[in-house]
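Summary of the model geometry
What follows is the residue order along each chain.
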Amino acid sequence: MGLFDLLASSPGGSNVTLPALEKRNLRESFFELLQEFSTFPASQNLFLVKIDNLPPALTDQNQRDLGITQGSKPLGIDKAKSVYERYISGNEFMYLATEVQLTTENLNVSNKGKNINGLLPVGPFVDTKSYDDTSLNIAFSETNVSFVDTIIRPWIQLYSVHGNFDDIDLTTTVTIYFIAKEQLTNRATFKSILFGSSGGSPVVRKIYQYRDCIPYNIASAPQAQYASDTTIGSTGVNWRFSTYDVITPINGKL
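In what follows, the accompanying structure is described.

With that settled, the discussion passes to the environment of Leu 46. With respect to the helices and strands, Leu 46 occurs in the loop between helix H2 (26-35) and strand S1 (47-51). Take Leu 46: its relative accessible area is 37%, and that puts it in the partly exposed class. Discounting residues that sit within four places of it in the chain, Leu 46 has contacts with Tyr 177, Phe 178 and Ile 179.

As structure tokens, this is what we get:
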């Protein structure tokens, strides 16, 4: 039998029968995913960061009492708090957040089958669970009044001296909202589904909420050097936390 005879014969040849694919119209099935809001591809880089509060202990005087700084000139912390608290307190967002690295879930799973005989179970079994409560990273855009240098840096210095005790509360709640454009029900064309219209408003598709957060490391301070072009960028900050939730607000209910 030649190659042409093999290709022209029934699936699998005369001696082998392969099952046919029950759902033949794969293109239509994929198109159905694009028509549903729940299964439409999400934009992973559309997010907003909410920081609930700045520590009351974050002041020029408390920073000076640490003994880390010297001199009598104001450090600018009090003024900087008045600038940035309006983007933190209330219902506002920290719009200077340009990047987030979220928490992963890690288990160590291993097989215990070595040197085991008989009918004993050999796994795999969970050895350990790694709870990485220091893995939250948020990058903030560098601006003329630097949020990282006037707020985050003294916050970390307070934490290094006082730790996390009840007498001086340095914690806050950080919430990250991932957003999408709302589903439009008055238009049914593929173009409107794919691109939406100017009438669509942002909706929250999932929420990461971290509790008892304290910044502990300025991870990626930018280097400054003269160049022919103006350079703008962001600075990464590592945060520790106690617990976190991942919330899917179905029908907008939290």
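On to helix H5 (residues 147-162). Counted at 1.5 Å a residue, the expected span for H5 with its 16 residues is 22 Å, and the 22 Å between its end C-alpha atoms agrees. Three or more residues of H5 are buried, namely Phe 147, Val 148, Thr 150, Ile 151, Ile 152, Pro 154, Trp 155, Ile 156 and Leu 158.

A word on a nonpolar patch on the surface. A surface patch of nonpolar side chains, amounting to about 280 Å² of accessible area, comprises Leu 107, Val 109 and Val 126. One can find Val 109 in strand S3 (residues 106-110).

Okay, the pattern of salt bridges next. Close approach of charged atoms lets side chains of opposite charge pair. Summed over the entire model, instances satisfying the criterion amount to three salt bridges. Between Lys 50 and Asp 52 there is a salt bridge, and its shortest N-O distance comes to 3.8 Å. Since its relative accessible area comes to 8%, Lys 50 is described here as buried. A salt bridge links Asp 245 to Arg 211; the shortest N-O distance between them is 2.2 Å. Here the residue Asp 245 occupies a position in strand S9 (residues 244-247), and Arg 211 occupies one in strand S7 (residues 202-218), the gap between them amounting to 34 residues.

A complete count under the given rule lists 13 aromatic pairs for this structure. Seen in terms of ring centroids, Tyr 87 and Tyr 95 are 6.4 Å apart; in terms of plane orientation they differ by 85°. Their pairing is edge-to-face. We classify Tyr 87 as partly exposed; its relative accessible area is 26%. By relative accessible area, which is 49% here, Tyr 95 ends up partly exposed. Where Tyr 210 meets Tyr 244, the ring centres are 5.4 Å apart and the plane angle is 15°; that geometry is what we call stacked. Of this pair, Tyr 210 sits in strand S7 while Tyr 244 is found in strand S9, placing the two residues 34 residues apart along the sequence. You'll find Tyr 210 and Tyr 244 in the same group, each marked buried. Grouped by ring-pair contacts, the aromatic residues Phe 47, Tyr 131, Phe 178, Tyr 208, Tyr 210, Phe 241 and Tyr 244 constitute a single cluster. If you follow Lys 206 out to its NZ or CZ, it ends over the ring of Phe 178, 5.0 Å from the centre.

With that out of the way, let us pick up a negative patch on the surface. On the surface, Asp 166, Asp 167, Asp 169 and Asp 212 cluster together into a patch of negative charge. Structurally, the position occupied by Asp 212 is in strand S7.

Conventions adopted
The written sequence of each chain sets the order in which its residues are numbered from 1. Two thresholds apply to this predicted model, a pLDDT of at least 70 for residue-level local features and 80 or more for giving and counting side-chain atom pairs, whereas whole-chain, interface and lining totals are computed over all residues. With hydrogens and water excluded, all non-hydrogen atoms of the structure serve as input to the side-chain values. Secondary structure is summarised from DSSP: a helix means a run of H or I of at least four residues, a strand means a run of E of at least two, and numbering begins at the N terminus for each. The buried label goes to any residue with under 20% of its type's maximum accessible area, the exposed label to any with over 50%, and the partly exposed label to all in between, with areas taken from a 1.4 Å probe on protein chains only. Residues are treated as being in contact if the distance between any of their heavy atoms lies within 4.5 Å. For a helix, the expected span equals 1.5 Å multiplied by the number of residues minus one. Excluding any residue in a salt bridge, patches collect residues exceeding 30% relative accessible area, merging like charges within 9 Å and nonpolar Val, Leu, Ile, Met, Phe, Trp and Tyr side chains within 5 Å. Residue burial considers only the protein chains on display, and all accessible areas are found by Shrake-Rupley using a 1.4 Å probe. Whenever Lys or Arg places a side-chain nitrogen within 4 Å of a carboxyl oxygen from Asp or Glu, that contact is recorded as a salt bridge. Only Phe, Tyr and Trp rings are paired, with Trp represented by its six-membered ring, and only when their centres lie within 6.5 Å; those with planes under 30 degrees apart are stacked, over 60 edge-to-face, the remainder tilted. Only when the NZ of Lys or the CZ of Arg is both within 6 Å of the ring centre and within 35 degrees of the ring normal is a charge said to sit over the ring. Just so you know, the count uses Lys and Arg for positive and Asp and Glu for negative, and it drops His and the chain ends. To locate a charge, take atom NZ for lysine, CZ for arginine, CG for aspartate or CD for glutamate.

Keep in mind these numbers describe shape, not what the thing actually does.
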